[in-house]
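Tertiary structure, described
Each chain, letter by letter, is given below.
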Amino acid sequence: TTSSRTGQPFDFEHDGGTDGVNERGLAVHLLYLEATQYPVLGDRQGVTYGRWVRYLLDTCATVTEAVAAMDKVQIVDVQIMDAARSKGVSLGAHLAIEDASGDSAIFELINGSLRTYHGRSSNYTVMTNDPPLPAQLANLQRYTSFGGELPLPGDVTP
């Protein structure tokens, strides 16, 4: 068990999650991302993707702190065993975070490297499961609301 800087003890062996908000207003959201490639564990402390949300919620109060924290740890794979095939399965994930000030960032592990998308002048406030963020932003450009020619899917246009 390790002490948390933001309020409560946590245990990496038992605590994990996919969404949460801490008492300082940092919100963290884990979504599926097939393109994820986890790096081989190096010399930094490893945190599994299953405990990534809890790690940031328990150690950071702001997006800026979370971005800095990601330089100190490495998100690593953990395989879920498929009993029928006796084979481990990895789940890819990316993370969206925002804080009480309105700052936001997205973290993705592509080709074994952490990609951090952060900046108040950029739009890193919403993402979907797949694809990686650059492809999501490129897709938006196809729709009229974002400068393209197509109506938004599911709108009221006949």
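It is worth spelling out the overall build of the chain at this point. The secondary structure content of the chain amounts to three helices and nine strands. Of the regular secondary structure in the chain, the N- to C-terminal order runs β-β-β-α-α-β-β-β-β-β-β-α. Residues classed as buried in the chain amount to 38% of the 158 residues present. For the chain, the computed accessible surface area is about 9000 Å², with 53% contributed by carbon and sulfur atoms.

With that settled, the discussion passes to the packing of aromatic side chains. Under the definition given, this model contains two aromatic pairs. For the pair Tyr 38 and Tyr 49, a centre-to-centre distance of 5.2 Å together with 20° between the ring planes defines the contact as stacked. Here Tyr 38 is found in the loop between strand S2 (27-32) and strand S3 (45-48), whereas its partner Tyr 49 is found in the loop between S3 and helix H1 (52-59), with eleven residues between them in sequence. In terms of burial, Tyr 38 and Tyr 49 fall into one category: buried.

Each pocket or cavity is described by its volume, and for the largest pocket that value is around 210 Å³. Around the largest pocket, the lining is made up of 14 residues, and of these Val 126, Met 127, Gln 136, Leu 137 and Leu 140 lie nearest the centre. Here the lining of the largest pocket is built from residues that sort into eight nonpolar, five polar and one charged.

Overall, antiparallel pairing links the five strands, which are arranged S1-S2-S7-S8-S9 in an open sheet. If you trace the sheet from one side to the other, it starts and ends with strand S1 (19-21) and strand S9 (113-118), each paired once. If you compare each strand with its neighbour and ignore which way they point, the axes differ by 15° on average. Pairing between strand S8 (residues 104-110) and S9: six bridges, direction antiparallel. The partner of Ile 110 across the bridge, within S9, is Ser 113. Packing against the sheet, helix H3 (residues 133-140) makes contact with strand S7 (93-98), S8 and S9, and its axis sits at approximately 120° to S8.

Time to look at the nonpolar core. Core analysis: the biggest nonpolar cluster contains 24 residues, and Val 28, Trp 52, Leu 56, Ile 75, Leu 95 and Ile 97 have the highest contact counts within it. Sorting the residues of this core by element identifies S2, H1, helix H2 (63-69), strand S4 (73-76), S7 and S8 as the ones contributing at least two each. Not counting chain neighbours up to four residues away, the residues in contact with Leu 56 comprise Leu 26, Val 28, Ala 66, Ala 69, Met 70, Leu 95, Ile 97 and Phe 107. The next biggest cluster of nonpolar side chains, apart from the first, holds seven residues, and it includes Ala 96, Ile 106, Tyr 117 and Tyr 124.

Reading the values: rules and limits
Residues numbered from 1 in each chain as written. Predicted model: local features only at pLDDT ≥ 70, side-chain atom pairs only at ≥ 80, totals over all residues. Heavy atoms only, no water. Helix = DSSP H or I, 4+ residues; strand = E, 2+ residues; numbered from the N terminus. Buried < 20%, exposed > 50% of the residue type's maximum accessible area, 1.4 Å probe, protein only. Areas by Shrake-Rupley, 256 points an atom, 1.4 Å probe, with all protein chains shown as cover. Phe/Tyr/Trp six-rings, centres within 6.5 Å; stacked < 30°, edge-to-face > 60°. 1 Å grid on protein atoms, 1.4 Å probe; cavity = no way out; pocket = protein on both sides within 12 Å on 5 of 7 lines; lining within 4 Å. Points joined across faces, edges and corners; volume = space filled by probe spheres on them. Nonpolar A, V, L, I, M, F, W, Y, C, P; charged D, E, K, R; others polar. Pairing = 2+ DSSP bridges. Axes fitted to C-alpha atoms, helices over the stretch in contact; angles between N-to-C directions. Contact = heavy atoms within 4.5 Å. Core = buried A, V, L, I, M, F, W, Y, C linked by side-chain atoms within 4.5 Å.

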